[in-house]
Amino acid sequence: MAPIDFKPRIAARQADWIARRRDLHRHPELGFEEVRTAGIVAEELTRLSLEVRTGVGQTGVVGLLEGDAPGPTIMVRADMDALPIHEENEVDYASTAAGKMHACGHDGHTSIALAVAELLSEHRAQMAGRVKFVFQPAEEIGKGAAAMLDDGVLQNPAPDIALGLHVWNEVPVGSVALVDGPMMASANDFTIWVRGSGGHGALPHETRDPIVAASQIVTALQSIVSRNVKPTDVAVVSVTEFQAGDSFNVIPPEAKLRGTIRSFDTGVRDMVEDRLREISQGIAEALGCTVELDVQRLTLPVVNAPEVNARLREVFARVAPEIELIGDYRTMAAEDMSYFVDAVPGTFFFVGSASPERGLDYPHHHPRFDWDDERVIPLAVDLMASAVASYVLPVE
Ligand SMILES: [Zn+2]
Ligand SMILES: [Zn+2]
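Please read these numbers as outputs of a predicted model, since none were measured by experiment.

All right, on to the sheet that holds strand 2 (residues 60-66) then. In a beta sheet, neighbouring strands pair by backbone hydrogen bonds and run either parallel or antiparallel. Spatially, eight strands are ordered 1-2-4-3-5-16-6-15 in an open sheet, and the strand pairing comes out mixed. Unpaired on one side and paired on the other, strand 1 (51-56) and strand 15 (324-326) mark the two borders of the sheet. Direction aside, the axes of adjacent strands within the sheet are offset by 25° on average. Strands in contact with helix 7 (residues 306-319) are strand 5 (161-172), strand 6 (175-177), strand 15 and strand 16 (346-354); relative to strand 16, the strand with the most contacts, it is inclined by about 40°.

The following block contains the structure:
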């Protein structure tokens, strides 16, 4: 038996899958509020006769497609959440929820994974192994994967391989980024409270000015990437929030800084955290202030398994020889898919989704973000279904 050609079924079904993506787009839900979305997912997986578990990581849903013969367990992960952005697109499927928008394409991921479940469920009788579909909440706040892990998503059964994809507007339709090793950065978020003692703006000698100290901390933090990170390594340290005071003649007692750290390597990340601590404490102390520092580790770097990619490269060349495969793409953006590919060998690939000629090339998280669902959904479904099939639908 040759590998299954999913194209005829995709051609017959894609209009419904595009319509489903647009329905989800109309009704975006923020992290851990994906009640309507999770309901649609659970209902569809039940209709396809998968074994369904809801409430995994609060609003997450897991569907298990059990083949008739034994074999490996392949996990397919899709995220479901939207962003607190007010949509500016004027399309008939624009968001109906003020201030909320699918501005990252997770509506597409949900629709694509449901389509893959549908296609593979039609081959259950030939299936050796099982497919575990993981519909994850709260990716954008970096908490959904961890919540699902806490609820045992990688147990009963434990996946052997974890696969995920992201529609990606930084790359045109027709290109797919499949990258060995680190592809997306780890994200830490930090808060530094600089405490001094406030007083009259005209009597600075009687204060310990936290604004002056915090300002010098911001400047000195710029030396971490330029002076401490090895030139051949990469990292980002960005201060993105600076709050202090609310009056022109009062020196406040406290200043607050927040920001993000990105890197591809946990050793670099640890060093950056250490320097962040040393620099803020040292400067604050020199200026008579104190600091309290809180660093939250949101995600790990996304590191893809080369042996999984080698297989996917063969599959993609067979089912979509026309696509351009990009092997050297990296982004400082972060993703909590990293937890799954850290625990299980796997890969996360980017399906190019921009169509500049149709104006569909705004960046992710932009109020005019949209992507070419009519071309991307059939392609992405074919790539993912064929990748999974290569593990669980034996040829010959
Ligand atoms: Zn996003
Ligand atoms: Zn995303």
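There's plenty left to go through after this.
When the terminal C-alpha atoms of helix 2 (residues 35-47) are compared, their 18 Å separation across 13 residues agrees well with the 18 Å that a helix rising 1.5 Å per residue should span. When we look at burial in helix 2, the residues that qualify are Thr37, Ala38, Ile40, Val41, Glu44 and Leu45. Along the axis of helix 2, the buried positions cluster into a sector of 160°, meaning they face one direction only. In helix 2, those exposed residues whose orientation departs by more than 90 degrees from the buried face are Val35 and Glu43. On its buried face, helix 2 sits against helix 1 (7-26), strand 1, strand 2, helix 3 (106-121) and strand 4 (128-136). One or two residues past the end of helix 2 sits Ser49, with phi positive at roughly 65°.

Remark: a regular strand shows side chains that alternate across the two faces of the sheet. Pairing of strand 3 (residues 69-79) with strand 4 involves eight bridges; the strand directions are parallel. Within strand 4, the position partnered with Ile74 by the bridge is Val131. With respect to chirality, the unit in which strand 3 leads through helix 3 into the neighbouring parallel strand 4 is right-handed. In this structure, strand 3 lies alongside strand 5, joined through four bridges in parallel fashion. Among the inter-strand pairings, Ile74 is bridged to a residue of strand 5, identified as Ile161.

With 19 residues, helix 5 (residues 210-228) should reach 27 Å at 1.5 Å per residue; the first-to-last C-alpha distance of 25 Å fits that figure. Within the sequence span of helix 5, burial applies to Pro210, Ala213, Ala214, Ile217, Leu221, Ile224 and Val225. Along the axis of helix 5, the buried residues cluster in a sector spanning 125°; they form a single face. Across helix 5 from its buried face, at more than 90 degrees, point the exposed residues Thr219, Ser226 and Arg227. Buried residues belonging to helix 5 abut strand 8 (186-195), strand 10 (235-244), strand 12 (254-263) and helix 6 (266-286).

The subject of this paragraph is the environment of His106. Residue position: His106 is located in helix 3. Assessed through the 28 C-beta atoms surrounding it within 10 Å, His106 is described here as buried. Taking C-alpha positions, His106 is 7.9 Å from His166, a pair spaced 60 residues apart along the chain. In this structure, His106 is in contact with Asp79, Met80, Asp81, Ala82 and Glu139, ignoring residues within four places of it in sequence.

Conventions adopted
Residues numbered from 1 in each chain as written. Chains lettered and ligands numbered in written order. Predicted model: local features only at pLDDT ≥ 70, side-chain atom pairs only at ≥ 80, totals over all residues. Pairing = 2+ DSSP bridges. Helix = DSSP H or I, 4+ residues; strand = E, 2+ residues; numbered from the N terminus. Axes fitted to C-alpha atoms, helices over the stretch in contact; angles between N-to-C directions. Contact = placed C-beta atoms within 7 Å. Expected span 1.5 Å × (residues − 1). Buried ≥ 20, exposed ≤ 12 C-beta atoms within 10 Å, placed from the backbone. Arc of directions from axis to C-beta. Right-handed = clockwise from strand over helix to strand, strands pointing away.

By themselves, these figures tell us nothing about what the structure is for.
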